Amino acid sequence: MNSQQARATSGYFPDSGDPRYRVRRYELKLDYRPEGNRLVGSARIEAVAAPGPDRLGEFVLDLAGLRVGRVRVDGRAAQHTHRGGRLRIRPAVPPAPGAEFTVEVRWSGKPQPVRSPWGGIGWEETEDGALVAAQPVGAPSWFPCNDRPSDKAAYLISLTVPSGYTVVLGGRLLARAAHASTTTWVYEQPAPTPSYLVGLSIGSYRAVRLDESPAAVPQLGYVPARLAARFESDFGRQPEMMRLFQELFGPYPFGEYTVVVVDEELDVPVEAQGLATFGVNHLDGARGWERLVAHELAHQWFGNSVTVADWQHIWLNEGFAKYAEWLWSERSGGPAAHTLAEAAHRQLSSLPQDLVLADPGRRLMFDDRVYQRGGLTVHALRRVLGDDTFFRLLRDWTDTHRHSTVTTADFTAAATRWAGRPLDDFFTAWLTEPALPPLPGGD
């Protein structure tokens, strides 16, 4: 096992994913009936065996709570067992090290959320359809996958539902074909995507176009028809956000951006590749949740294009998305980023000092302190580097690591290069010591 494989198998979810291979492309054909919550699917998975001395005699796909039918590898029936959400496959002819191979799986059943320390995640029935919120290990609730953030692949997904429902996935809508009583929606996401970022919503929606000109990044909203006017108010400045973030972070990394408002209340919005999902509770017609609009859009750069290699580095996702909220406030007439950072610092100072940002542990990986202290770390670095160097660093970071995976060490090395001097004391204080450091001063 090489160092990259070792890194992939360590971490917070050692029972998810398999580093003995990587996936290049998933082709999923799905049929879903909301009445009865019935899903039938087939997958064609193009993969590559990892380098090494041995052939790939066995490998694992993650698939939870569904019944597996036929399994083939390179066109031949393969032995398999399916227990505990792990589909173990033994090919008739094991692929050689570094060789390409194809897996075909058929499955069916009633998709349910995967149990996790944070409750059920993944496929979720709604009052009139379904949605997927898969972070961090919920993707196996609806399709077989190599469920680790470092394995990013392209997707082609065909989903058939009863006519009258709208299907929304991240990526480009290639086709929509009506049959006697059903409609098939076909989406493609060519950009490398980890399984947890394959988002989905099925429901009754009205499409609202948000982009302002042919030159803008295509931006669509899907929203319950009765809430369309409120949506246009709450999300009306998203194109302006898109322009700002492209200025600060570099070109938008995908072909389009879609937001969905499901006809349910959600605790928090959910980011996916090229897609974000909000609840009806995030609409008030007065832009009261606009910071979350900025947060989810920023994840397209930080988390989706530039993806953490393992979950211990989650601050690189959430810290930068939090800081994007403050940057939007600063540039749109709200409080300055330093004012918001000072308020966050006061709040964190009154809370327990027992979180290590660079490795918070599985129990605390979604703790609000990861978000707030992550944003503070980014802001503190901005004060240390100065605006010119700081924003050049951000654009270089998103360009250099576009559609790839990163670690905290990758970021500290990049920041040190741009600083032109050692930053060891700074990063030790902010990333590896639990005590909250003082915040550098403002202008």
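Look up: the structure comes first, before these words.
J.: Describe the sheet that holds strand S6 (residues 79-83), and please don't skip the residues or the numbers.
T.: On the basis of which strands lie adjacent, the open sheet formed by 3 strands has the order S3-S7-S6 and antiparallel pairing. Of all the strands in the sheet, the pair left with one neighbour each is strand S3 (59-62) and S6. If you compare each strand with its neighbour and ignore which way they point, the axes differ by 20° on average.

J.: Explain the nonpolar core to me, using residue names and the numbers behind them.
T.: Judged by nonpolar contacts, the single largest core of 84 residues is most densely connected at Phe231, Phe235, Phe245, Phe249, Leu376, Leu381 and Phe411. Beyond its immediate chain neighbours, meaning those up to four positions away, phenylalanine 231 contacts Val208, Leu210, Gly221, Val223, Gly236, Val259, Val261 and Leu283. Ranked by size, the runner-up nonpolar core spans 47 residues in total, among them Leu63, Ala130, Ala139 and Leu200.

J.: Give me the lowdown on the packing of helix H3 (residues 238-249) against helix H4 (residues 290-298), citing residues and values where you can.
T.: Where H3 meets H4, the axes come as close as 10 Å, and the angle between the chain directions of the two elements is 45°. In terms of axis orientation, H3 runs oblique to H4. Note on packing geometry: the crossing formed by H3 with H4 is right-handed. Each of Gln238, Met241, Met242, Phe245 and Phe249 in H3 lies in contact with H4, whose residues at this interface are Glu290, Val293, Ala294, Leu297 and Ala298. The class makeup of the residues in the contact of H3 with H4 is 8 nonpolar, 1 polar and 1 charged.

J.: Break down the sheet that holds strand S13 (residues 172-178) for me, with residues and values.
T.: On the basis of which strands lie adjacent, the open sheet formed by 8 strands has the order S5-S4-S8-S2-S1-S11-S14-S13 and mixed pairing. Taken across any chain shown, the strands that pair with only one partner, and hence form the sheet edges, are strand S5 (76-77) and S13. Pairing analysis gives 5 bridges linking strand S4 (residues 67-73) to strand S8 (residues 100-109), with the strands arranged antiparallel. From the neighbouring strand, valine 68 faces S8, where its bridge partner is tryptophan 107.

J.: Outline the packing of aromatic side chains, supporting the account with residue identities and numerical values.
T.: Enumeration over the complete set of coordinates arrives at 32 aromatic pairs. Aromatic side chains tyrosine 26 and tyrosine 155 sit 4.7 Å apart centroid to centroid with 10° between the ring planes, which places their arrangement in the stacked category. With tyrosine 26 in strand S1 (residues 21-33) and tyrosine 155 in strand S11 (residues 152-162), the pair connects residues that are 129 residues apart, well separated along the chain. Of the residues examined, tyrosine 26 reaches a relative accessible area of 1% and is grouped as buried. Residue tyrosine 155 is classed as buried on the basis of its relative accessible area, which comes to 2%.

J.: I'd love a proper account of the environment of alanine 99, names of residues and values included.
T.: Along the polypeptide, alanine 99 turns up in the loop between strand S7 (86-90) and S8. In this structure, the C-alpha to C-alpha distance between alanine 99 and alanine 413, residues 314 residues apart in sequence, is 33 Å. Excluding residues within four positions of it along the chain, alanine 99 makes contact with Ala47, Val48 and Ala49.

J.: Describe the side chain of threonine 408, and please don't skip the residues or the numbers.
T.: With respect to the helices and strands, the residue threonine 408 is situated in helix H9 (residues 408-419). Polar side-chain contacts of threonine 408 include one of 3.0 Å to the side chain of tryptophan 315. Contact partners of threonine 408, with chain neighbours within four places excluded, come to His313, Trp315, Leu316, Ala358 and Leu431.

J.: Break down unusual backbone geometry for me, citing the residues and quoting the values.
T.: A cis amide bond links glutamine 135 with the next residue in sequence, proline 136, at an omega value of 0°. Note on placement: proline 136 falls in the loop between strand S10 (129-133) and S11. One non-glycine residue, asparagine 37, lies in positive phi territory at about 50°. Positionally, asparagine 37 belongs in the loop between S1 and strand S2 (38-49). In this structure asparagine 37 comes out as buried when scored by relative accessible area, which is 3%.

J.: Account for the environment of leucine 56, naming residues and giving values.
T.: Note on placement: leucine 56 falls in the loop between S2 and S3. With 205 residues separating them in the primary sequence, leucine 56 and valine 261 have C-alpha atoms 43 Å apart. In contact with leucine 56, other than residues within four places in its own chain, are Arg20, Tyr21, Ala49, Pro91, Pro94, Pro95 and Phe101.

J.: Just give me the short version of helix H8 (residues 387-400), but keep the residues and values in it.
T.: A rise of 1.5 Å per residue sets the reference length of H8, with its 14 residues, at 20 Å; its end C-alpha atoms lie 20 Å apart and thus fit the reference within 8%. Looking at the buried positions of H8, the neighbouring elements they touch are H3, strand S21 (306-308), helix H5 (315-331), helix H7 (368-385), strand S22 (404-406) and H9.

J.: Any chance you could break down the pattern of salt bridges for me, citing the residues and the numbers?
T.: Applying the stated rule across the entire model yields 21 salt bridges. Arginine 209 serves as the salt-bridge partner of aspartate 211, at 2.8 Å between the closest nitrogen and oxygen. Classification of arginine 209 by relative accessible area gives exposed; the value is 53%. Shared partners join several salt bridges into a network, and the residues in it are Asp18, Arg20, Glu58, Arg88 and Arg90.

The rules we used
- Residues numbered from 1 in each chain as written.
- Predicted model: local features only at pLDDT ≥ 70, side-chain atom pairs only at ≥ 80, totals over all residues.
- Heavy atoms only, no water.
- Pairing = 2+ DSSP bridges.
- Helix = DSSP H or I, 4+ residues; strand = E, 2+ residues; numbered from the N terminus.
- Axes fitted to C-alpha atoms, helices over the stretch in contact; angles between N-to-C directions.
- Core = buried A, V, L, I, M, F, W, Y, C linked by side-chain atoms within 4.5 Å.
- Buried < 20%, exposed > 50% of the residue type's maximum accessible area, 1.4 Å probe, protein only.
- Contact = heavy atoms within 4.5 Å.
- Parallel < 35°, antiparallel > 145°, perpendicular 65-115°, else oblique.
- Left-handed = near helix turned anticlockwise from the far one by under 90°.
- Nonpolar A, V, L, I, M, F, W, Y, C, P; charged D, E, K, R; others polar.
- Phe/Tyr/Trp six-rings, centres within 6.5 Å; stacked < 30°, edge-to-face > 60°.
- Polar contact = N/O pair within 3.5 Å; in protein donor to acceptor, adjacent residues only side chain to side chain.
- Expected span 1.5 Å × (residues − 1).
- Salt bridge = Lys/Arg side-chain N within 4 Å of Asp/Glu carboxyl O.

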